Each structure stands twice: as structure tokens, then as C-alpha cells.
Amino acid sequence: MLKKIFDLESPWMLFLSRLADLIVLNLLFILGCLPIVTIGASFTGLYYVSLKMMRQEEGSVSKTFWKGFRENIKQATIVWLILALLSGLLYADYRAIGVLGKELGSLFRYGWYMLCLLYGFVFAYVFPILATFENTVKNTMKNALLMSLSHLPYTVAVLLIWASPFVLFSRWTVFQSVLTPVFVLVGFGLLAYFSSWFLMRVFRKFMPEEWLEKEEEE
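Residues numbered from 1 in each chain as written. Predicted model: local features only at pLDDT ≥ 70, side-chain atom pairs only at ≥ 80, totals over all residues. Heavy atoms only, no water.

(A) The arrangement of the overall build of the protein chain in detail. In terms of helices and strands, the protein chain carries 9 helices and 0 strands. Going from the N terminus to the C terminus, the protein chain shows its helices and strands as α-α-α-α-α-α-α-α-α. Residues counted as buried form 38% of the 218 residues belonging to the protein chain. (Helix = DSSP H or I, 4+ residues; strand = E, 2+ residues; numbered from the N terminus. Buried < 20%, exposed > 50% of the residue type's maximum accessible area, 1.4 Å probe, protein only.)

(B) Quick peek at the packing of aromatic side chains. Counting across every chain of the model gives 19 aromatic pairs. With a centroid separation of 5.0 Å and an interplanar angle of 45 degrees, the aromatic rings of phenylalanine 29 and phenylalanine 188 are classed as tilted. Of this pair, phenylalanine 29 sits in helix H2 (residues 11-33) while phenylalanine 188 sits in helix H8 (residues 176-203), and the two are 159 residues apart along the sequence. These aromatic residues form a ring-pair network of at least three members: Phe29, Phe43, Tyr119, Phe123, Phe127, Trp162, Phe166, Phe183 and Phe188. Between lysine 52 and the ring centre of tyrosine 48, over which it is positioned, the NZ or CZ distance is 5.1 Å. (Phe/Tyr/Trp six-rings, centres within 6.5 Å; stacked < 30°, edge-to-face > 60°. Lys NZ or Arg CZ within 6 Å of the ring centre and 35° of its normal.)

(C) Molecular detail of the packing of helix H7 (residues 152-171) against H8. Packing of H7 against H8 brings their axes to within 9 Å, and their N-to-C directions diverge by 175 degrees. The angle between H7 and H8 falls in the class roughly antiparallel. Across the contact of H7 with H8, the residue classes tally to 18 nonpolar, 3 polar and 1 charged. (Axes fitted to C-alpha atoms, helices over the stretch in contact; angles between N-to-C directions. Parallel < 35°, antiparallel > 145°, perpendicular 65-115°, else oblique. Nonpolar A, V, L, I, M, F, W, Y, C, P; charged D, E, K, R; others polar.)

(D) Main features of unusual backbone geometry. Phi at isoleucine 36 is positive, roughly 70 degrees, even though this residue is not glycine. Tracing the backbone shows isoleucine 36 in the loop between H2 and helix H3 (39-54). Phi at glutamine 56 takes a positive value of approximately 60 degrees, unusual for a residue other than glycine. Tracing the backbone through its elements, the reader meets glutamine 56 in the loop between H3 and helix H4 (61-98).

(E) Focus on the pattern of salt bridges. What the rule picks out here adds up to 4 salt bridges. For arginine 18, the salt bridge is made with aspartate 21, and the minimal N-O distance between the two is 3.9 Å. Taken as a pair, arginine 18 and aspartate 21 lie in helix H2 at a separation of 3 residues, close to a single helical turn. Exposure remark for aspartate 21: the relative accessible area of 22% places this residue in the partly exposed category. Here arginine 55 and glutamate 57 are joined by a salt bridge, their closest N and O atoms 3.3 Å apart. Using a relative accessible area of 12% as the deciding quantity, one classes arginine 55 as buried. Judged by its relative accessible area of 25%, glutamate 57 falls in the partly exposed class. Residues joined in a network through salt bridges with shared partners are Lys52, Arg55 and Glu57. (Salt bridge = Lys/Arg side-chain N within 4 Å of Asp/Glu carboxyl O.)

Structure representation (C-alpha cells):
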């Protein structure tokens, strides 16, 4: 029994191996985010690895992460700065709406909610797209919006995966003592891994035929 459990091909050992990879990936992501301006490149490296995991193509987690990080750092940084600017504008709009009257403020607030939702849609897809496809920054952001809108069930699933732990963390202090060490250890790697399962269902429709043939053979 013990021999089967500790067999390298046993479900238990495969699970531990994947968990170890996600822990390494998570720590690399946090390290890549430390300069702040490279957060976009770090997100791209994170998805570069997790999407390859879904395609059973990953090798060394460290080498793969830094490959995705380096190859996309220019575009990912531009995208990150654009998103940071947009988030700043959304925050400024929120503060401006607060000084409006009740009726006028309510009207603008609904529009603000819609803009925030579209922002979330783009954020959910733009870095995974950068990690998977080659395109201009403009087309990447446009495709992120179009893909998210045309695959709403998957988009909602990805947003829920990323939002749930943060909602739990902010709403109930009892979760803070649990979620903080989990996130430091493996949290972002897990979120990207689970999100990639849904994202691959979308990206598969846009993959070249030779990639699809390779996947079917596997």
C-alpha cells in the first residue's frame, strides 16, 4: 500500500508535485511584482506557466516563468501602466460621484459600476492573452474585451475565482489569519491555475490547428 502511495506516478505524488510547482510559481510571481512597475510582466509570467500546465507543456517552473516574464515585459508593462491609469481614473470618478446629489449620483454610479465591470473583464483576460498570443498592445486589450464579453460564463468564473478570497479576507477577519499565509505560500499560483482551466476553454478556439492536433494526440 505504502509503495503505491509513494510511487512517483501515484495520484498522491502527482498532487504533491503539482502543489510544489504552484508554490514555486507563487513565490516567483510575488518576487516579480516587487518593483511594482513589473506587476504586469509578473502576471504574464504567472499565466505563461499555468496555461502551459493545462496543456501539459511545462518544464522547469522557474525557467518557464522568467521566459514568459522577459519575452513579454515591454508589452505587459505598457498594459499594466494603462490599467493602473484607468484604475486611478475610476477612483477619481468614484470620489467625484460622491459629491453629486442623491438622484444624479445614483445615475452616474450605475454607469461607474458598468465601467468597473468592463475593467474587470479586460484585466481577467489581458495578461493570459499576452502569455499565449502575439499581438500589439492595442489589439491585445481589444481582444481581451471581446473574448470576455463573448464568453461570459467563463469570464464570470474567472472573476469569481480571483474575487472570492479577497472578499473573504476583507469581510471576515477570521479568514485573515488563514488566507494571509496561504497567499504568501501558494495563493496566486492556485488562482491562476484554476483560472487557466476556464481560460483554455476560450483560447482553444483561437489556437492554430497544429496545436489542437498535438493536444488530441496527448
